[in-house]
Amino acid sequence: MNTATAVADFRTYPLISALSGVQSFADRVAIEWADGRASPFHHVWLRDNCPCERCVYNVTREQVFEIVDAAEELQPTAAHIDADGCLRIEWQDGHLSRFDPGWLRAHAYDDESRAERLEAKPRSYLWRSDLQLPVFDYSTLMNDNAALLQWMIAIRDIGLTQVRGVPTEPGSLKLIAQRISFIRESNFGVLFNVQSKADADSNAYTAFNLPLHTDLPTRELQPGLQFLHCLVNNAEGGESIFVDGFAIADALRSEDPAAFQALCEIPVEFRNKDRHSDYRCLAPIIALDALGRVAEIRMANFLRGAFDTSVEQMPVLYRAYRRFIAMTREPRFRLMQRLNAGELWCFDNRRTLHARNAFDPATGARHFQGCYVDRDELLSRILVLQR
C-alpha cells in the first residue's frame with residue numbers, strides 16, 4: 001500500500017471551511033462542509049487528482065500519473081476524514097490518496113462552488129470617453145513591486161495606462177517593459193522606431209493619420225501588450241486616440257445582436273507583406289473565450305484583404321463591419337490625448353484599438369519607440385507577485 005502523506009498540490013490554499021462529513025455512493029463521494037455546503041466528487045476525479053509522490057513529481061510539481069492507468073471502474077474501499085482534517089481515500093488497488101480541505105474547496109465543482117469561482121475571476125472594466133486614465137510614475141514602477149503589481153492589474157482590467165517620467169534616451173523603453181517580462185520580437189525588431197521615413201514598410205512610419213486598429217492582426221497570435229514611448233514630440237498634430245474594443249463589442253451585442261454575431265462568426269483575412277515577409281491570418285474580428293465573453297478584437301482596415309465569404313453572407317458581413325467602424329468613430333467611445341516626451345502608453349493590443357491623427361513633420365521632430373509583450377507574460381507576472 002502507498003502510505004505517502006502528500007496532500008493537495010504544492011500551493012497553499014486557505015481553509016475556508018472544514019470537512020464535517022463524508023458519504024459514499026456508487027460513483028462518487030459526497031463531502032459535507034462545516035458551513036453547510038455539499039460537494040460531490042466523482043471517484044475518477046479524485047483518483048485523477050491524487051497528489052501523492054507516485055502521482056505528482058514533487059520537484060517539477062507536475063503530474064506523472066495518467067488516468068488511463070487506473071481501472072475504469074476503480075472504487076474506494078474506504079473514505080473518511082483523518083485526524084488532520086483531510087479526506088482520506090483508500091482504493092481497491094491499494095493506492096492511498098489524501099486531500100487537503102482547502103484544496104478540495106478551491107476545486108469543488110458543485111454549482112455553488114463553480115459560480116463562486118467564476119464571480120471571483122478578474123473582470124474587465126469597460127470604459128468610454130470619460131475614462132479616468134490610470135497614470136503611473138516610472139521611477140516607482142522600477143523600484144516598487146507593489147506599484148508594479150497595481151500597474152499590471154490596471155493593464156489587465158482596464159487595458160490602457162500611461163507612465164510618466166520615463167527617460168528619453170533611445171532604448172529606455174526596454175527596461176520598463178522587462179519589469180513585466182521578456183519582449184516579443186517581430187519582423188519590426190525588438191524595439192521599433194515610430195517616425196516618418198521615406199521608405200516606410202508600414203503606414204505607422206508615415207505622417208498620415210492612422211485609423212483605429214490593433215497591431216499585427218496578420219499574426220495567428222496578436223501581441224498582447226503594446227508600449228509606445230515618446231522620445232520627442234515637437235510636431236503639430238499626431239494626437240493619440242484610443243477606444244475600448246471590449247466596450248464597443250459589448251454595446252454592439254446589445255444594440256445590434258445580428259452584427260455582433262456576424263463579426264464573431266465570419267472570418268476576415270488580414271495581410272501584411274514587404275520585400276522580406278508575407279503574413280496572413282484568417283480570423284473573426286471579435287473572438288470569444290470558452291465562456292462566451294469577448295476575449296479579443298482583431299482590426300486594421302489598412303491590413304485587410306478582400307472579404308471572402310458566401311454570397312448570402314457578404315452583405316451581412318459588410319453591414320456588421322460598417323457598424324463596428326462607425327461605432328469606433330462615435331465620441332462616446334473615443335479618448336484622445338497628446339503624448340509628451342518622457343511619457344509612454346502601455347495598453348492591451350488585443351482589446352484597446354489605437355489611432356493617431358496626422359502630423360506635420362515640417363513643424364518639428366516626432367520620435368516614438370515601441371515594443372510588445374505577450375498577454376500571458378503579464379498574467380503570469382501578476383500571479384507571481386500576488387503569491
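Residues numbered from 1 in each chain as written. Predicted model: local features only at pLDDT ≥ 70, side-chain atom pairs only at ≥ 80, totals over all residues. Heavy atoms only, no water.

As named in an unreviewed UniProt entry, the protein chain is Gamma-butyrobetaine dioxygenase, taken from Pseudomonas helmanticensis.

**Q** Can you explain the overall build of the protein chain? Please cite residues and give values.
**A** Broken down by element type, the protein chain carries 10 helices and 24 strands. In terms of principal-axis extent, the alpha carbons of the protein chain reach across some 80 × 55 × 40 Å. Residue burial in the protein chain is summarised as follows: out of 387 residues, 48% are buried. Long-range pairs, those at least 24 residues apart, make up 73% of the contacts in the protein chain with a sequence separation of at least 6. Total accessible area on the protein chain stands at roughly 19,200 Å², and carbon and sulfur atoms take up 49% of it. When the 43 basic and 52 acidic side-chain charges of the protein chain are each reduced to a single mean position, those positions are 5 Å apart. (Helix = DSSP H or I, 4+ residues; strand = E, 2+ residues; numbered from the N terminus. Buried < 20%, exposed > 50% of the residue type's maximum accessible area, 1.4 Å probe, protein only. Contact = heavy atoms within 4.5 Å. Areas by Shrake-Rupley, 256 points an atom, 1.4 Å probe, with all protein chains shown as cover. Lys, Arg positive; Asp, Glu negative; His and termini not counted. Charge placed at Lys NZ, Arg CZ, Asp CG, Glu CD.)

**Q** Got a sec to walk through the side chain of D374? Specific residues and values, please.
**A** Inspection of the secondary structure puts D374 in the loop between β24 (366-373) and α10 (375-386). One polar contact links D374 to R184, side chain to side chain, over a distance of 2.9 Å. Once residues lying within four places of it in the same chain are set aside, the contact partners of D374 are R184, L221, P223 and G224. (Polar contact = N/O pair within 3.5 Å; in protein donor to acceptor, adjacent residues only side chain to side chain.)

**Q** Go over unusual backbone geometry with me, naming the residues and quoting the values.
**A** Even without glycine at this site, R61 takes up a positive phi of about 65 degrees. Following the sequence through the fold, R61 ends up in the loop between β4 (56-57) and β5 (62-63).

**Q** Kindly report on the pairing of strand β6 (residues 76-81), identifying the contributing residues and their values.
**A** Inspection of the sheet shows β6 paired to strand β7 (residues 87-91) by five bridges, in the antiparallel sense. Across the sheet, A78 pairs through a bridge with E90, a residue of β7. (Pairing = 2+ DSSP bridges.)

**Q** Summarise the sheet that holds strand β3 (residues 38-42); cite the residues concerned and give the values.
**A** Judged by pairing direction, the sheet is antiparallel, and its three strands sit side by side in the order β1-β2-β3 without closing on themselves. Two strands in the sheet have a free side with no partner beyond their single neighbour: β1 (19-24) and β3. Strand after strand, the sheet turns through a mean of 25 degrees between neighbouring axes, direction not considered. Alignment of β1 against strand β2 (residues 28-33), held across five bridges, turns out to be antiparallel. (Axes fitted to C-alpha atoms, helices over the stretch in contact; angles between N-to-C directions.)

**Q** Go over the pattern of salt bridges, please, and point to the residues and values.
**A** Under the counting rule described, the total for this entry stands at 23 salt bridges. We note a salt bridge from R98 to D84, for which the minimum N-O separation is 3.3 Å. Residue R98 is found in strand β8 (residues 96-99), and its partner D84 is found in the loop between β6 and β7; the two are separated by 14 residues along the sequence. Across the salt bridge formed by E90 and R88, the nearest N and O atoms sit 3.1 Å from each other. (Salt bridge = Lys/Arg side-chain N within 4 Å of Asp/Glu carboxyl O.)

**Q** Any chance you could break down the packing of helix α5 (residues 145-157) against α10 for me, citing the residues and the numbers?
**A** α10 packs onto α5 with a crossing angle of 140 degrees between their chain directions and a minimal axis gap of 10 Å. For the element pair α5 / α10, the angle class is oblique. The chirality of how α5 crosses α10 is left-handed. Here N145, L148, L149, M152, I153, I155 and R156 of α5 come into contact with α10, specifically with L378, L379, R381, I382, L385 and Q386. Among the residues making up the contact of α5 with α10, the classes are represented as nine nonpolar, two polar and two charged. (Parallel < 35°, antiparallel > 145°, perpendicular 65-115°, else oblique. Left-handed = near helix turned anticlockwise from the far one by under 90°. Nonpolar A, V, L, I, M, F, W, Y, C, P; charged D, E, K, R; others polar.)

**Q** I'd like a rundown of the sheet that holds β24, residues and numbers included.
**A** Read across the open sheet, the six strands follow the order β9-β10-β21-β13-β24-β11; overall the sheet is mixed. Edge strands, defined here as strands with exactly one partner in the open sheet, are β9 (135-137) and β11 (192-194). Ignoring strand direction, the axes of neighbouring strands in this sheet form an average angle of 25 degrees. Note that β9 and strand β10 (residues 160-164) share three bridges and pair parallel. Paired with F136 across the strands is V163, a residue of β10. On top of the sheet, α5 reaches β9, β10, β13 (225-233) and β21 (343-348); it is set at about 145 degrees to β10, its chief contact.

**Q** Could you give an account of the environment of S310, with specific residues and numbers?
**A** Structurally, S310 can be placed in the loop between β19 (294-297) and α9 (314-328). A sequence separation of 44 residues divides S310 from I266, and the C-alpha atoms of the two residues are 9.8 Å apart. A polar contact is formed between the side chain of S310 and the backbone nitrogen of Q313, at a distance of 3.1 Å.

**Q** Give a description of the side chain of N349 that names residues and reports values.
**A** Assignment of secondary structure puts N349 in the loop between β21 and β22 (352-356). Residue classification places N349 among the buried positions, given a relative accessible area of 0%. At 2.7 Å, the side chain of N349 forms a polar contact with the backbone nitrogen of D215. Setting aside residues up to four positions removed in sequence, N349 forms contacts with T214, D215, Q222, P223, G224, L225, Q226 and H354.

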